[in-house]
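A look at the structure
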Amino acid sequence: MTDLIIRNARIALPDGSLLEGDLACTQGKISKISAQLDMQARESIDAQGKTLLPGAIDPQVHFREPGNEHKEDLGSGSRAAVHGGVTSFLEMPNTSPPTTTQAALDEKLVRAAKKCVANYGFFIGATPDNLEVLNTVSPVCGIKIFMGASTGSLLVNKEKDLENIFAHGSRLIAVHAENEQRINERQVEFSDRDTAETHSLIRDNECALLASELALKLSNRYQRRLHILHLSTKEEVALLRQDKPEWVSAEAIPNHLLLNVEDYHTQGALVQMNPPIRTREDNEALWQGLHDGIIDIIATDHAPHTLEEKQQPYPKTPSGMPGVETSLPLMLTQMQAGRCTLKEVLQWMCSGPAELYNIKNKGRLIEGWDADLTLVDLGNKKPVRNEDMFSKCGWSAYAGWDLTGWPQYTIVGGQIVYDNGTIRDGVLGQALQFSE
Ligand code: DOR
């Protein structure tokens, strides 16, 4: 007998086509996909009218544990993930203490094993003097460099320190590309302003471009695997359009595709993040970059802060917005509106991140691959409501947006973990493996 059968679903196949049929899960794997399966299962789901997708992989989240568990922790962050159809996540090192040593990484892995309901992987954080750790620590999905300071203490902004990291080793380097010197100068220049929209003036497009140019230059010099996180400007898209070697990849997040400086008028510092939200023109350039393959994948940069923290006067407000539980419905809603295809969404959010980070057997519905799945409802719309969020921070910048594609079930390793609004007890995710 098989463990779980999802019957009568519209199953999203790797080529983007939909097969009306059944999918069976056995011992954590997708054991069979077929128009009709005549077999018994311990549990079955009638998925009539619903669409079965590979679980999304969110390759950039901040889950705050250890150190800031009042905003989020690995348990709450992972529950938010499966609520949004995300079955695997890669978490950033700007926790407290930061993840800059093997011991700090081990500590996160131990904590995650006890409470994460989705699969998890972690970045190692670069400092000016932990080069040896960066190249020996394990298991990590890559090295994170904050070229400009953001939440937390991590920063490597001097070119000689950056060059030292790019010159030694072969692991993927993921950069938060903002130029620290320009940020500091402009903070002084705009110090008489106290509205949140000042944030986009201080950390302007040039800040992002200067840092992306430097990262690209160093990556070219050493042919070093580079991933530019949360690309936000039309200038960076143009830069990569001109020069994107095969060892360079880039990412966009829904906030930079769907929000822009006009949103400060209604949302104030709720939409303050690093790099900041930009203009409509930048939104458009990022969409075009995605369609053209200049931008490879979508992450969320899920960065929860409490509403109380976000309600302080600017510039005391912390930067970042939650996003892990709304990204898939947001993108599926964009798909329904004709902005992109299902094939693109699956590539940007499922198979693309798996390939980019060398995560085997995830991101596609293929027999023998891991049974990480989400069954979504594309037939109805439901508004985002703060009170429905599973993230500990309890709010979303998309509150009030009417979205389709909300998950009804999310399945991790062949086990139902999210079931129509509730998390089932006893299901845990696993540590992701990264083949180098
Ligand atoms: O806005 C941001 N918030 N950008 C980052 O790079 C970090 C994040 C956070 O951790 O709060």
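As shown above, the structure is provided for reference.
What you see is a predicted model; the values in this text were computed from it and never measured.

**Let's talk about the pairing of strand β10 (residues 173-176)**
Here β10 shows two buried faces, one formed by Ile 173 and Val 175 and the other by Ala 174 and His 176. Strand direction decides the pairing type here: strand β9 (residues 142-146) and β10, joined by four bridges, are parallel. Among the inter-strand pairings, Ile 145 is bridged to a residue of β10, identified as Val 175. Running through helix α4 (residues 159-167), the crossover from β9 to the neighbouring parallel element β10 is right-handed. Sheet topology places β10 next to strand β11 (residues 226-228); three bridges connect them, and they run parallel. Bridging across to β11, Val 175 finds its partner in Ile 228.

**Concerning the site of the ligand**
With respect to spatial proximity, 14 residues lie near the ligand, and among them Arg 64, Asn 94, Thr 151, Asn 274 and Ser 319 are the closest. One of the backbone N or O atoms of Gly 320 is found 3.3 Å from an oxygen atom in the ligand. Within the complex, 100% of the 290 Å² of free accessible area of the ligand lies under protein. Across the shell around the ligand, the residue classes tally to three nonpolar, nine polar and two charged.

**Re the layout of surface pockets**
The space that makes up the largest pocket amounts to roughly 360 Å³. Forming the walls of the largest pocket are 23 residues, and the residues nearest its centre are Gln 187, His 199, Arg 203, Pro 315 and Ser 319. For the lining of the largest pocket, the secondary-structure elements that each account for two or more residues are α5 (180-189) and α6 (198-202). With four residues, the top contributor of residues to the lining of the largest pocket is α5.

**Things to note about helix α13 (residues 327-336)**
What sets the pattern is the α-helix's 3.6 residues per turn: residues three or four places apart point alike. Among the 10 residues of α13, nine are classified as buried, and the element is accordingly described as predominantly covered. Within α13, burial applies to Ser 327, Leu 328, Pro 329, Leu 330, Met 331, Leu 332, Thr 333, Gln 334 and Met 335. Once α13 finishes, Gly 338 follows within two positions and takes phi at roughly 90 degrees, a positive value.

**Considering the packing of helix α8 (residues 234-242) against helix α11 (residues 280-291)**
Following both chains from N to C, one finds α8 and α11 inclined at 30 degrees, their axes separated by 8 Å at the closest point. Looking at the two axes, α8 sits roughly parallel to α11. Here Lys 234, Glu 235, Val 237 and Arg 241 of α8 lie close against α11, whose contacting residues are Glu 281, Asp 282, Ala 285, Leu 286, Gln 288 and Gly 289. Here the residues of the contact of α8 with α11 are counted per class, giving three nonpolar, two polar and five charged.

**Comments concerning unusual backbone geometry**
In this model, Glu 65 is joined to Pro 66 through a cis peptide bond whose omega is 5 degrees. With respect to the helices, strands and loops of the structure, Pro 66 is situated in the loop between β6 (56-61) and α1 (74-83). Following Asn 274, the chain continues into Pro 275 via a peptide bond in cis, with omega recorded as -10 degrees. Relative to the helices and strands, Pro 275 resides in the loop between α10 (264-267) and α11.

**A short note on the pattern of salt bridges**
A full pass over the atoms with the stated rule returns 29 salt bridges. Residues Arg 182 and Asp 204 are paired through a salt bridge, measuring 2.5 Å at the closest nitrogen-oxygen approach. You can see Arg 182 sitting in helix α5 and its partner Asp 204 sitting in the loop between α6 and α7 (205-222), a full 22 residues away along the chain. Judged by its relative accessible area of 22%, Arg 182 falls in the partly exposed class. The class for Asp 204 is buried, based on a relative accessible area of 13%. Each of Glu 65, Glu 69, Glu 107, Arg 111 and Lys 115 takes part in salt bridges that share partners, so that together they form one network.

**Overview of the packing of aromatic side chains**
All told, the structure shown has six aromatic pairs when counted by the stated rule. With a centroid separation of 6.1 Å and 40 degrees between ring planes, the pair formed by Tyr 120 and Phe 122 is classed as tilted. In this pair, the class of Tyr 120 matches that of Phe 122, namely buried. Lying over the aromatic face of Phe 146, Lys 144 brings its terminal NZ or CZ to 3.7 Å of the ring centre.

**As for the packing of α1 against helix α2 (residues 102-115)**
Contact pair α1 / α2: the axes reach a minimum separation of 9 Å and the direction vectors enclose 55 degrees. Taken together, α1 and α2 sit at an angle that is classed as oblique. In the crossing of α1 with α2, the sense of the turn from one axis to the other is right-handed. From α1, Leu 74, Gly 75 and Ser 78 reach across to α2, where they touch Lys 108, Arg 111, Ala 112 and Lys 115. Broken down by class, the residue content of the contact of α1 with α2 amounts to two nonpolar, two polar and three charged.

**A closer look at the pairing of strand β16 (residues 415-419)**
Counting buried residues along β16, four of its five residues qualify, which places the element largely inside the surrounding structure. Bridge analysis of strand β15 (residues 402-412) against β16 gives four bridges, and the strand direction is antiparallel. Among the inter-strand pairings, Thr 410 is bridged to a residue of β16, identified as Tyr 418. Counted along the chain from β15 to the antiparallel partner β16, the turn is two residues long, and its residue Gly 413 has a positive phi close to 55 degrees.

Rules behind the numbers
Residues numbered from 1 in each chain as written. Predicted model: local features only at pLDDT ≥ 70, side-chain atom pairs only at ≥ 80, totals over all residues. Heavy atoms only, no water. Buried < 20%, exposed > 50% of the residue type's maximum accessible area, 1.4 Å probe, protein only. Helix = DSSP H or I, 4+ residues; strand = E, 2+ residues; numbered from the N terminus. Pairing = 2+ DSSP bridges. Right-handed = clockwise from strand over helix to strand, strands pointing away. Near = heavy atom within 4 Å. Polar contact = N/O pair within 3.5 Å; in protein donor to acceptor, adjacent residues only side chain to side chain. Areas by Shrake-Rupley, 256 points an atom, 1.4 Å probe, with all protein chains shown as cover. Nonpolar A, V, L, I, M, F, W, Y, C, P; charged D, E, K, R; others polar. 1 Å grid on protein atoms, 1.4 Å probe; cavity = no way out; pocket = protein on both sides within 12 Å on 5 of 7 lines; lining within 4 Å. Points joined across faces, edges and corners; volume = space filled by probe spheres on them. Axes fitted to C-alpha atoms, helices over the stretch in contact; angles between N-to-C directions. Parallel < 35°, antiparallel > 145°, perpendicular 65-115°, else oblique. Contact = heavy atoms within 4.5 Å. Salt bridge = Lys/Arg side-chain N within 4 Å of Asp/Glu carboxyl O. Phe/Tyr/Trp six-rings, centres within 6.5 Å; stacked < 30°, edge-to-face > 60°. Lys NZ or Arg CZ within 6 Å of the ring centre and 35° of its normal. Left-handed = near helix turned anticlockwise from the far one by under 90°.

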